[in-house]
Amino acid sequence: MQNDVQAAEVAAEGELPSSIVKRADGVYFKGGASQAACVAGANHFFLAGAYFAGLDYAVFIRMLYGVGAELPQNLKDQPLVRFAGSVEPFPAHRRELYKSVRIVNGEAEYYFEPVFINVPDLPPEPARLNFDEFVADMWVKGIRFGIDAPAVKATIAAGRVVRLIAARKLAATPGRDAAIVEVSQSIHRSNAPRETANGRFDLHTFQNRFPQVQPGVKLLKKVPSSPGLRGYELSGIPLEPAAPRDVELSSVAGEGTMLEQSGGVEYLVSAVEGFISIDGSKKMSIGPKIISREGVSVRTTGNLQLTGEYEEFGEVQEQRLVEGGNITIHGDVFGNIVSRGGNIALQRNLVGGSAVNAGGNVAVKGVASGAVIQTKLGEVVLGRAESCVISGTRVVIGEASNCEIIADEVLIKTAEGCAIAARRIEVGSAGPRRQTEMLLFPLVPDTAKYDLGIAEHTERAGRFGAQAQKFKAELDAMTSEPELRNYLTLATSVRKQEVMLTPEQLALFQKMAVSVGPALRQVGKLSLSVKEARAQEAVALEQAALVRKQKETVIGHGRCTVRLVTGDTIAREMKFNPDLGAPYDRPAKEIKARLRGSTSGVAAIFAGSSGSVDWAANSPSLPPA
């Protein structure tokens, strides 16, 4: 025991480690010493059998490992940092008081119990543990970090018998990964119900489902990563935190955006005005088209009333409305699509809903079933249609069954049980479907007003012609009188200087002129009446010809052809009034009622179950004038 004390005293009084300064008023670490140097200095004394009396464990750990409570203000930035009162020898008989520890999952468990010092030839003497000695003993046993100083001190002071977690390792604190955060409220959707003009709320429509931004708006910014904090095992071995992950703002920059540095912060900024969309790769784009991938339903979007183009990759559920322009849907449509113009393109099926375009084309690549498909000015193109009402300027269908179709022109490869009305009908194969017959209605304009106009102008021409004939007969009768005829013959010869009159003959000629004067005036009037009547007759005939040409234009080149009739098929003319607008621009119910209504009073162009149909409208030709 005496040798251990002497060794400890030699270590305390000998050459000190470079990081430690021992003075009469205490033991100090040099303020500029590294953590490794401080650990080496402490280790020097502990392994030499000494301990630090009056140890400030918080300052001690802070200087060795840089963790725990900050140094007190009076010790910060000082050349010397006091951490203990003195260095004292740790005799063996005292070291024997301290038992081994049990280490489990980074925790050191120590059993505190009464201790005794063995004295030769005497009963064991009760003793007390000392916290400073406890730290030195734990160091030698490999516990160089994480002692719970307040708990250990309180247990020693109270002399309790307890199994205590005396020390714990410090797990590394993860760093913060770099992140991309929103900086603009304009990119947020609002799913609150839309308020209508009358102050009520439309519970089926959201307030702002698709945000729109102006150019130069800061949308996102990058928050840089920050490193984690080092942890320590009970042995003092450092536990390094995982390196934080970085992220590039450019990874989310899509079309219509740009990167911008401001105040040392990187931002994603809108480059153009438009709608915000985020694709599957999380890229944010801005453009004139609204792109959605969530579908249209009560939960996701509600009814949509849009100002720009719209592209949807999900489904449109029943009773949902999508209103806009240039609408493309990649999923099935069970609701209603309304376009103010542009095109409606449905890439899959239209079931039980509708697609209505005020001025543009409608295309369904899949199957249209139980739907209404209409365009006021455009083409309808369908792959297959079942039990649909279809109208448009031109309708092109691969297969149609049990449909009502009306247009200017209809082209169908195979039709079964349909009612089709158009100026020009061209069907490859036509026949009934179950109990529903195949009906064809070549549209023929009602030309009654043109026929009436032609008859009126022709009748007027006849009246003026009859008047001209009457005036001509009266004129011929007067000019056939001998006295008037002789005067006119002589007057013509005198005017042409074919006859030279003597003074006596001239007096007689003048006397004759006075005699036939009244008759000559009547002849002049009759001649003028004949000319006027002929002119009015010509105008009436010209007007009749113009109306006849208008009639031919209205009738056009109507045609109905079926290459192969495969069952009961009936074709009848259907009149329409061209002055009331396009015959196909009607509500769906009216179209269905008209095409499926009774037409028994109209003679059939074709009625049969086989063969073919080839009918053309008769265009009247102008008669010779």
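Rules of the game
- What you see as residue numbers is a count from 1 along each chain, following the sequence as written.
- Under the rules for a predicted model, residues below a pLDDT of 70 receive no local features and side-chain atom pairs below 80 are neither given nor counted, while totals for whole chains, interfaces and linings still include all residues.
- In computing side-chain properties, one takes all heavy atoms of the structure into account and sets aside hydrogens as well as water.
- Under the scheme used here, helices are H or I runs from DSSP no shorter than 4 residues and strands are E runs no shorter than 2 residues, and both carry numbers assigned from the N terminus.
- Between buried and exposed lies partly exposed: a residue is buried under 20% and exposed over 50% of the maximum accessible area for its type, with that area taken using a 1.4 Å probe on protein chains only.
- Note on contacts: a residue pair is in contact if any heavy atoms of the two residues lie within 4.5 Å.
- Note on areas: Shrake-Rupley, 1.4 Å probe, and residue coverage restricted to the protein chains presented here.
- A 1.4 Å probe that fits but cannot get out identifies a cavity on a 1 Å grid over protein atoms alone, an open set with protein on both sides within 12 Å along at least five of seven lines counts as a pocket, and a residue lines either if it has an atom within 4 Å of a point.
- Grid points are joined across faces, edges and corners, and a volume is the space filled by probe spheres set on the points.
- For this classification, Asp, Glu, Lys and Arg are treated as charged, while Ala, Val, Leu, Ile, Met, Phe, Trp, Tyr, Cys and Pro are nonpolar and the rest, including Gly, are polar.
- Centre distance within 6.5 Å is the pairing criterion for rings of Phe, Tyr and Trp, where only the six-membered ring of Trp is used; planes under 30 degrees apart are then read as stacked, over 60 as edge-to-face, and the remainder as tilted.
- Put simply, a charge is over a ring when the Lys NZ or the Arg CZ is close to the ring centre, within 6 Å, and near the line of the ring normal, within 35 degrees.
- At least two DSSP bridges between two strands are needed for those strands to be called paired.
- Lines fitted to C-alpha atoms define the axes, with helix axes restricted to the stretch in contact, and inter-axis angles between N-to-C directions lie between 0 and 180 degrees.
- By definition, the arc is the one covered by directions from the helix axis to the C-beta atoms.
- When describing relative orientation, an angle under 35 degrees is termed roughly parallel and one over 145 degrees roughly antiparallel, while 65 to 115 degrees is termed roughly perpendicular and anything else oblique.
- Salt-bridge detection follows one rule: a side-chain nitrogen of Lys or Arg within 4 Å of a carboxyl oxygen of Asp or Glu.
- pLDDT is a per-residue confidence score from the predictor, ranging from 0 to 100.

**Quick look at the overall build of the protein**
Working step 1: For the protein, the count of helices and strands is 10 helices and 42 strands.
Working step 2: Scored against the burial criterion, the 625 residues of the protein give a buried share of 40%.
Working step 3: Sequence-distant contacts in the protein: of pairs separated by 6 or more residues, those separated by 24 or more amount to 51%.
Working step 4: For the protein, the accessible surface area stands at approximately 32900 Å², while carbon and sulfur atoms represent 53% of it.

**Some words on empty space enclosed by the protein**
Working step 1: Applying the stated criterion across every chain, the model contains one cavity of 30 Å³ or more.
Working step 2: Of the pockets and cavities examined, the largest cavity occupies roughly 30 Å³.
Working step 3: Surrounding the largest cavity, Ile406, Pro583, Arg586, Glu590, Ile591 and Arg594 form its lining.
Working step 4: With three residues, helix α10 (residues 588–596) is the largest single contributor of residues to the lining of the largest cavity.
Working step 5: Looking at the lining of the largest cavity residue by residue, the class counts come to three nonpolar, no polar and three charged.

**Observations regarding the side chain of Thr569**
Working step 1: Positionally, Thr569 belongs in strand β39 (residues 569–572).
Working step 2: The contact partners of Thr569, leaving out residues within four places of it in the chain, are Ala430, Gly431, Met438, Leu440, Phe606, Ala607 and Gly608.

**Regarding the packing of aromatic side chains**
Working step 1: In the structure shown here, the tally under the stated rule is 21 aromatic pairs.
Working step 2: Ring geometry for Phe90 versus Tyr98: centroids 6.0 Å apart, planes at 75°, classification edge-to-face. Of the two residues examined, Phe90 and Tyr98, each falls in the buried class.
Working step 3: Among the aromatic residues, ring-to-ring pairing joins Phe29, Phe45, Phe46, Phe52, Tyr57, Phe60, Phe83, Phe131 and Trp139 into one connected group.
Working step 4: Between the NZ or CZ atom of Lys218 and the centre of the ring of Tyr267, over which it lies, the distance is 4.4 Å.
Working step 5: Sitting over the face of the ring of Phe313, Arg293 holds its NZ or CZ atom 4.5 Å from the ring centroid.

**Points about the sheet that holds strand β10 (residues 162–168)**
Working step 1: Read from one edge to the other, the open sheet built from three strands follows the order β6-β7-β10, with strand pairing classed as antiparallel. On the outer flanks of this sheet lie β6 (102–104) and β10, each paired with one strand and no other. Taken over all neighbouring pairs, the strand axes of this sheet differ in orientation by 30° on average, direction set aside.
Working step 2: By the bridge criterion, three bridges tie β6 to strand β7 (residues 107–112) in an arrangement that is antiparallel. Looking across to β7, one finds that Ile103 is bridged to Ala108.

**Section: α10**
The α-helix winds at 3.6 residues per turn, so residues separated by three or four positions along the chain end up facing the same way.
Working step 1: Looking at α10, one finds that the buried residues are Ala588, Ile591 and Leu595. Each buried residue of α10 sits inside an arc of 60° when the element is viewed along its axis, so together they form one side. The exposed residues of α10 that point more than 90 degrees off its buried face are Lys589 and Ala593.
Working step 2: In this fold, the buried residues of α10 make contact with β32 (372–375), β34 (389–401), β35 (404–416), β36 (419–431), β37 (438–445) and β40 (574–576).

**A closer look at the packing of helix α3 (residues 57–65) against helix α5 (residues 131–140)**
Working step 1: Viewed as axis vectors pointing N to C, α3 and α5 meet at an angle of 30°, and their least axial separation amounts to 12 Å. In terms of axis orientation, α3 runs roughly parallel to α5. For the pair α3 and α5, the contacting residues are Tyr57, Phe60, Leu64 and Tyr65 in the first and Phe131, Val135 and Trp139 in the second.
Working step 2: The residue makeup of the contact of α3 with α5, split by class, is seven nonpolar, no polar and no charged.

**Points about the pattern of salt bridges**
Working step 1: Summed over all chains, the structure comprises 26 salt bridges.
Working step 2: The partner of Arg340 in a salt bridge is Glu323, with the nearest N and O atoms 3.8 Å apart. With Arg340 in the loop between β27 (336–339) and β28 (344–346) and Glu323 in strand β25 (residues 321–324), this residue pair connects regions lying 17 residues apart in the sequence.
Working step 3: Taking relative accessible area as the criterion, Glu323 reaches 24% and is therefore assigned partly exposed.
Working step 4: Here Arg596 and Glu404 are joined by a salt bridge, their closest N and O atoms 2.8 Å apart. Of this pair, Arg596 sits in helix α10 while Glu404 sits in strand β35, and the two are 192 residues apart along the sequence.
Working step 5: Since its relative accessible area comes to 3%, Glu404 is described here as buried.

**Brief notes about the confidence of the model for the protein**
Working step 1: Averaged over every residue, the pLDDT of the protein is 84; residues scoring 70 or more account for 84%.
Working step 2: Counting interchain partners and residues more than four positions distant, the pLDDT-below-50 stretch residues 619–625 has 12 contacts.

**Re the pairing of strand β18 (residues 257–262)**
Working step 1: Here β18 runs beside strand β19 (residues 265–270); their pairing, made up of six bridges, is antiparallel. By the bridge assignment, Leu259 is partnered in β19 with Leu268.
Working step 2: Between β18 and β19, which pair antiparallel and follow one another directly, the connecting turn spans two residues, one of which, Gly263, has a positive phi of 60°.

**Quick word on the environment of Arg293**
Working step 1: Along the chain, the position of Arg293 falls in the loop between β22 (289–292) and β23 (304–305).
Working step 2: A residue is classified by how much of its surface remains accessible, and Arg293, at 43% relative accessible area, is partly exposed.
Working step 3: In the structure, Arg293 is positioned 13 residues away from Gly280 in sequence and 8.8 Å away in space, judged by C-alpha atoms.
Working step 4: Apart from the residues lying within four places of it in its own chain, the contact partners of Arg293 are Ile278, Asp279, Gly280, Glu312 and Phe313.

**Details of the environment of Val21**
Working step 1: Within the secondary structure, Val21 sits in strand β1 (residues 20–23).
Working step 2: The spatial distance from the C-alpha of Val21 to the C-alpha of Arg82 is 9.0 Å, given a sequence separation of 61 residues.
Working step 3: Once residues within four sequence positions are removed from consideration, Val21 is found in contact with Gly26, Val27, Tyr28, Lys30 and Leu80.

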